[in-house]
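An overview of the molecular structure
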Amino acid sequence: MLRSALLFCASILFFVVTAANPAAGQSFDIPYEKFVLKNGLTVIVHKDHKAPIVAVNVWYHVGSKNEKPGKTGFAHLFEHLMFNGSENFNKDYFQALETIGGSDLNGTTNDDRTNYFQNVPVNALDSVLWLESDRMGHLLGAIDKAKLDEQRGVVQNEKRQGENEPYSIAEELITKAVFPSNHPYSHTVIGSLEDLDAASLDDVKEWFKTYYGPGNAVIVIAGDIDPKTARDKVEKYFGAIQPGPPVARFEKWVAQRTGEQRQIAQDRVPAGMLQKVWNVPGFGTADADHLTLLSDVLNSDKASRLYKRLVYDEQIATSVGAFVDEREIGGLFIINVMAKPGGDLAQIEKAVNEELRKLLTEGPTKDELDRVRTRIFSNFVRGAERIGGFGGKSDILARSQIFGGSPDSYKRSLNTIASATVNDVKAAGNKWLSDGSYTLQIVPFPKAEATTTAVDRKEMPRPGEGPEPRFPAMQRAKLLNGMEVIVAERKGVPVVNMDLLIGAGFAADQFGQPGTASLAMNMLDEGTKSRNSIEISKQLSSLGASLGSGSTLDTSTVSLSTLKSNLDRSLDLYADVILNPAFPQEDLDRLKMLQIAGIQQEKSQPIPMALRVMPKLLYGPGHAYGNPFSGAGMEESVVKITRDDVIKFHRTWFSPNNATMVIVGDTTMAEMRPKLEALFANWKSSQAVPVKNIATLPMPAKPKVYLVDKPGALQSVILAGVLAPPKSNPDEQAIEAMNTVLGGAFISRLNLNLREDKHWSYGAGSTILPARGQRLFVAYAPVQTDKTKESVSEVAKELRGILKDKQITPEEAAMARNNLTLALPGIWETNASVGGAIGEMVQFGLPADYHSTYARNIRSLTLDSLNTASGKVIRPDSLVWIIVGDLSKVEKGVRELNIGDVVVIDTNGNPIR
C-alpha cells in the first residue's frame, strides 16, 4: 500500500487533529516509556491491557523523497521485498503472520516513511519480533534476482491497477505541477515503470544498507505487555544488528509558488472534477495546524461552507473535499470537488473561490471553530481505541517520534489547535492561500555499536498456546413495544455505539423501485419534523457524535456513536431521526441526483460494474436479490422514486416488531432500557411486514460467459459466480475455512497463483457475500489485459482442482483454522467490530452462541469437512462468468477457451450480441 491519490482522501493527520473547545477541558494522553538501544534503535512501549493482544509497529525513516532521479519507486518496491522472506525465514511474511493470529497487519510507504505493523496475540510477540528483526538485520542474503523480478512485477501490476481507476491521472499531474523537478516530492511514491524495470540487484541492496538500519528506525510495542518485558525482548532480538550509516535529510522545503497554474486533462469518467492545490508548511508547524482547522471549516460536515453551498443548496456538485496533506518537509492544501454529471466546472470554481475569499476576508466564526474542534477530538478518541493499524496508538507514537522527535509531539499540535483563535486561522489562510494556486486540475549522528546478544536465527520462535478469544457477554431484553435490545458492555473508551437493525435492506426493493431502500435510508438525517438537515449536522458536531443510516442486502441500519458524556442529548436526536423523518422534497431531488451520479460512477469502475449485473444474471427476475448489488438501483428507476415511495418504505418496514437495537460500549442494559422505553414509547408495532422472496433457486445447467466492454482498459476484471448456501447453515464454518484456502487469505491458492507465481494480478481471491438466503460465491481476479485468457483458464483450473484433483491438504486446513481463530482477539478489539459481529447474528439468524463458540467450532473442523464443503459451494458447471475489459483485445481469447456460451452485455446486464 502507498500514499493515496490526491483525490478524495480525507486528511490522514489523525493525531494532529485534536482537542475541542479548550474551555471544555477535553484532552487525551497516551502514556509511554521510551529507550534507545546502543545501535540507535528507538523503542517506545505503551501498556493497554483491554485485550490479550499486542501491536508491533516498525517505522523506517525512509520514503520516496529519499530516492534519486532515475531510481524512483525504490521505497515502495522495498516494502514489498521485505514481506517476501529473509535469510532465516525464506517464506512470505503474510504466511507467518496469518498462521500465528496476526490481525490489522500491513506495510505501507509514503513520501516520508515506510512502516510495518501487525496485531498478534501476546503469546506470539517473540515470533513477530524475530521476524521484524530478521528482515531488519538479515535480509540481503534472501534477495536474489528472482525475488526482485517477482516483486517488481507485483508492483507494476499495482501501478496498472491504480491507473485503471477513474481520475487516477490527477496524482501524477498534481505531483509534477506543484513541486519543482529537484524537490524530493516531485515524483509519485509508486515511481515509474521504466525506473522499476531498470532497478538492478546492486541498486536495491545499496538502498537497503543505507536506510533500513536500527539508527533510522523506531519500533513501538503497544498492548498487553509491561515495558521491562518489552525492552528485554527488543534487546534480545534487535540488539546485535549493525546500526547502519548516517542519513542526510532536508528539515524543511516548502515549495511555495506565486501566480496561478492551470491544467486541463481528459479521462474516461462520467463527471468533471475540480482540484485546487497550494503548497503550505509541513508537519508540526503552527501554520499547518491552523490550516487544518480552516480546511474543516470549509468542508467537514453538511453545515460546512463548501458542502452546504455546492452540494446542499446549489446542488451543482456530488462531493467535496478540503484537507491538508501534511508531509514531513512541506505539505499541500487541497480542495477537490466532484461535479454532478453534466455540471459546469467554471460555476463550481467560481463558488469555491467566493467561499474561500469570504473565509480569508472575514475568518471563521467562533461557533465554526468550536464545532470542528469537537468533531476532531471525538474522531481522535475513537481512533485511539485501537492499539495498532492506521491511527491507532502505536501509529500515533511512531509518527510523533519520527517526524516530531518525541512520542508525545502530537500534543504540540493538539495545544495549537485547542488554543487557536479566529485571527490565527484567518492569518494562516491569508499567508498561504492568497497566492500560488494550481488548478486542475525531507541530526548529529550518534555514536553507535552493536551488542553481542545471541539469537537463534535458524528457526523462528514458535508461539505458545494462543489466548482463548473472548467475545463480550450480551444482555437481551424486549421493550414493551416489541423491539428487541442487545447490549454488550465494554469500558475501553467513554463511547457508546448503537445500531438499529431493520429487516428491510436492498431486498425490500422487490416491492418498489430499485434503489428505494438506499435512497430512503440516506434521507433519514436530511431532516425531521423539528430539525432540518443543517441543524442535525451542527448538533452532531457539537455533541462529538456521528450518525449514519444505510442498507445492506437484507438489513437497513441507523447507527449512532456518541461520547458517553453526551449520551442523553445524542439519544434524543437519534430517536427523532428514526421516528420522525420529514423526507423533504428538495432533499429527495438532491439525493436522487447524487444516487444517479453514483450509479454512473459504478458503471465506470470495472469491479462495481460487474457486481451491478451479477445478481440479475444469477437470481433472475422476481427474486429479492436480483437488483444491482450496491443497492443503488438503475438510473431510470431512481428517477421514478417519489416522496410517497420513501414515506411508504419507512411506514412499511420501520416497526418495533421488525427491529433490533444493538448497543456496544460504556453502558449496561440497566442504564439503557429505561431510556429506550421512554424514547420509543409511542412507536407501536404494525401489522406483519411483507415477506421478501428469497426462495432457493436451482443451479444453472451449464456455465455462461458475459463480456462487458471497457475500451482502453489497462486491466481485465474476471468474476466467476455461483449461488451458495445461506449464511445460516450447519456447514458454515467448514465453508469459511474452505474459502480461506481457495481465495479468502493472502496465501490462498488463487492469490498465490495469479499474483505471487504468475505476476499477472495485484491481488486475486474469492469471497462469499453474506445473505439470509442463497449467497453469491465470487472468485475474482483483476489481471493485465494481455493475460486475460490465461487468467480465466487458471481460475477455472483452481475451482475444479479443489473439488477433485487438488483437494485441500492437512497443511492448508491447519492454515485456515489458524487464520480464522488466532486473529479473533484483534478482530474484536473495537466497539464497532463487536457491534458488527452481533449485528451479523441478528441479520442472518445465527445462534446466540455463534461467536462465543466460533473458535472452538473452527478448531474442531476435520479435513473431510472442508473437502465436503467445497462441493456444496464450488460448482464449475453452473458458473456465471463476467469479464470486464477491452473486448477488442480479450474477446477472441475468451471465446477460444470454450468454457460456456458467450454473451456481450451492456453495463445494465442487457444483451448486445
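Everything discussed here concerns the structure shown above.
In what follows, the accompanying structure is described. What you are looking at is a predicted structure, and each value in this text was computed from that prediction instead of being measured.

**Some thoughts on the packing of helix α12 (residues 366-383) against helix α17 (residues 533-543)**
α17 packs onto α12 with a crossing angle of 60° between their chain directions and a minimal axis gap of 7 Å. When the axes of α12 and α17 are compared, the pair comes out oblique. In terms of crossing hand, the pair formed by α12 and α17 is left-handed. Contacts from Arg371, Thr374 and Arg375 of α12 reach α17 at Lys538, Ser541, Ser542 and Leu543. Residue classes in the contact of α12 with α17 are distributed as 1 nonpolar, 3 polar and 3 charged.

**Details of the nonpolar core**
Counting 121 residues, the largest nonpolar core has Phe78, Phe238 and Phe777 as the members making the most contacts within it. In contact with phenylalanine 78, not counting residues within four places along its chain, are Tyr116, Leu139, Ile143, Val204, Trp207, Phe208 and Tyr212. Met483, Leu519, Met523 and Leu543 belong to the second-largest nonpolar core, a separate cluster that totals 85 residues.

**A word on unusual backbone geometry**
For glutamine 315, which is not glycine, the phi torsion reads 55° and is therefore positive. Along the chain, glutamine 315 turns up in the loop between α10 (305-313) and β9 (317-325). Of note in the backbone geometry, histidine 759 takes a positive phi value of approximately 60° without being a glycine. Mapped onto the secondary structure, histidine 759 falls in the loop between α25 (749-757) and β20 (765-768).

**Notes on helix α20 (residues 606-619)**
Its 14 residues give α20 an end-to-end C-alpha distance of 21 Å, which sits within 8% of 20 Å, the value for a rise of 1.5 Å per residue. Counting buried positions over the 14 residues of α20 gives 10, a clear majority of the element. Regarding α20, the residues found buried are Pro606, Met609, Ala610, Arg612, Val613, Met614, Pro615, Leu617, Leu618 and Tyr619. Residues of α20 that are buried sit in contact with α19 (585-604), β18 (704-709), β19 (715-724), β21 (775-784), β22 (880-885) and β23 (901-905). Of the residues flanking the end of α20, it is glycine 620, one or two places downstream, whose phi is positive at about 75°.

**Let's talk about the packing of aromatic side chains**
The full count for this structure, using the stated rule, is 24 aromatic pairs. Both rings, one in tryptophan 207 and one in tyrosine 211, keep their centres 4.6 Å apart while their planes meet at 55°; by these two values the pair is tilted. Here tryptophan 207 and its partner tyrosine 211 are both found in helix α7 (residues 201-211), 4 residues apart, which amounts to about one turn of the helix. Summarising the burial analysis for this pair, tryptophan 207 and tyrosine 211 share the class buried. Taken together, the aromatic side chains of Tyr60, Phe78, Phe83, Phe94, Tyr116, Phe208, Tyr212 and Phe746 make up a single cluster linked through ring pairs. Seen from the ring of tyrosine 185, arginine 327 lies directly overhead, with NZ or CZ sitting 5.1 Å from the centre. Sitting over the ring of tryptophan 760, lysine 758 keeps its end group 5.9 Å from the ring centre.

**A short note on the sheet that holds strand β16 (residues 556-563)**
Across a sheet, paired strands are connected by hydrogen bonds in the backbone, their directions being either parallel or antiparallel. Strand order in the open sheet formed by 6 strands is β12-β13-β17-β14-β16-β15, and the pairing between neighbours is mixed. At either end of the open sheet lies a strand with only one pairing partner, and these are β12 (475-478) and β15 (546-551). Averaged over all adjacent pairs, the angle separating strand axes in this sheet is 15°, with direction ignored. As defined by bridge partners, β15 adjoins β16 across 6 bridges and the pair is classed as antiparallel.

**Details of the pairing of β18**
In this structure, β18 lies alongside β22, joined through 6 bridges in parallel fashion. Pairing of aspartate 709 across the sheet is with glycine 885, part of β22.

**Here's the deal with the side chain of threonine 72**
With respect to the helices, strands and loops of the structure, threonine 72 is situated in the loop between β3 (53-60) and α1 (74-81). Within polar-contact distance, the side chain of threonine 72 engages the backbone nitrogen of serine 192 at 3.3 Å. Separated by 2.6 Å, the side chains of threonine 72 and aspartate 195 make a polar contact.

**Things to note about the packing of helix α9 (residues 286-298) against helix α15 (residues 422-433)**
Contact geometry for α9 and α15: axes closest at 8 Å, N-to-C directions at 100°. As judged from the angle between their axes, α9 and α15 are roughly perpendicular. Counting all contacts with α9, which are made through Asp287, His290, Leu291, Leu293 and Leu294, the residues of α15 involved are Asp424, Val425, Ala428, Gly429, Lys431, Trp432 and Leu433. Along the lines of polarity and charge, the residues of the contact of α9 with α15 split into 7 nonpolar, 2 polar and 3 charged.

**Some remarks on the side chain of lysine 276**
Its place among the elements puts lysine 276 in strand β8 (residues 273-280). Here glutamate 349 takes part through its side chain, which lies 3.3 Å from a polar atom of the side chain of lysine 276. For lysine 276, the residues in contact, after removing those within four places along its chain, are Phe333, Ile334, Ile335, Glu349, Val352, Asn353, Ser437, Tyr438 and Thr439.

**Comments concerning the environment of glutamate 671**
Along the polypeptide, glutamate 671 turns up in helix α23 (residues 669-679). With relative accessibility at 27%, the residue glutamate 671 sits in the partly exposed group. Those residues in contact with glutamate 671 that lie beyond four places of it in its chain are Lys564, Leu567 and Asp666. At 2.6 Å, the side chain of glutamate 671 and the side chain of threonine 667 are in polar contact.

**A few points about the pattern of salt bridges**
What the rule picks out here adds up to 63 salt bridges. Put simply, arginine 386 and aspartate 104 hold a salt bridge, and the shortest N to O gap is 3.4 Å. Separated by 282 residues along the polypeptide, arginine 386 in the loop between α12 and α13 (393-404) and aspartate 104 in strand β4 (residues 103-109) bring together distant segments of the chain. Judged by relative accessible area, aspartate 104 falls into the partly exposed class, the value being 34%. Glutamate 459 is paired through a salt bridge with arginine 462; the nearest N and O atoms lie 3.1 Å apart. Each of Lys302, Asp525, Glu526, Asp587 and Arg590 takes part in one network of salt bridges that share partners.

Calculation notes
For every chain, the first residue of the written sequence is number 1, and numbering continues from 1 onward in sequence order. Local features in this predicted model are restricted to residues whose pLDDT is 70 or higher, and side-chain atom pairs enter the listing and the counts only when it is 80 or higher, whereas totals over whole chains, interfaces and linings include all residues. The basis for every side-chain value is the complete set of non-hydrogen atoms in the structure, without hydrogens or water. Comment: axis = line fitted to C-alpha atoms, over the contacting stretch for helices; angle = value between 0 and 180 degrees taken between N-to-C directions. Elements are defined by DSSP. Helices are runs of H or I of four residues or more, strands are runs of E of two residues or more, and each kind is numbered from the N terminus. Angular relationships are summarised with four words: roughly parallel below 35 degrees, roughly antiparallel beyond 145, roughly perpendicular across 65 to 115, and oblique for the angles in between. Crossings are sorted by hand: turned counterclockwise from the far helix by less than a right angle, the near helix makes the crossing left-handed, and turned clockwise it makes it right-handed. Note on definitions: a residue-residue contact is assigned when non-hydrogen atoms from the two residues lie within 4.5 Å. By the convention adopted, Pro, Cys, Tyr, Trp, Phe, Met, Ile, Leu, Val and Ala count as nonpolar, Lys, Arg, Asp and Glu as charged, and the other residues, Gly among them, as polar. Here, nonpolar core means buried Ala, Val, Leu, Ile, Met, Phe, Trp, Tyr and Cys residues that are tied together by side-chain atoms lying within 4.5 Å of each other. Using a 1.4 Å probe on the protein chains alone, a residue whose accessible area is under 20% of its type maximum counts as buried, one over 50% counts as exposed, and one in between counts as partly exposed. Helix span is expected to be 1.5 Å times the residue number reduced by one. A pair of Phe, Tyr and Trp rings is counted when the ring centres sit within 6.5 Å of each other, with Trp represented by its six-membered ring. The angle between the planes then sorts it: under 30 degrees is stacked, over 60 is edge-to-face, the rest tilted. Charge-over-ring contacts are defined here by two conditions on Lys NZ or Arg CZ: a distance within 6 Å of the ring centre and an angle within 35 degrees of the ring normal. When DSSP finds at least two bridges between two strands, those strands are taken to pair. Any N or O atom pair separated by 3.5 Å or less is treated as a polar contact, with the protein-specific requirement of one donor-capable and one acceptor-capable atom, and with residues adjacent in sequence counted only for side-chain atom pairs. Each salt bridge in this description consists of a side-chain nitrogen of Lys or Arg and a carboxyl oxygen of Asp or Glu lying within 4 Å of one another.

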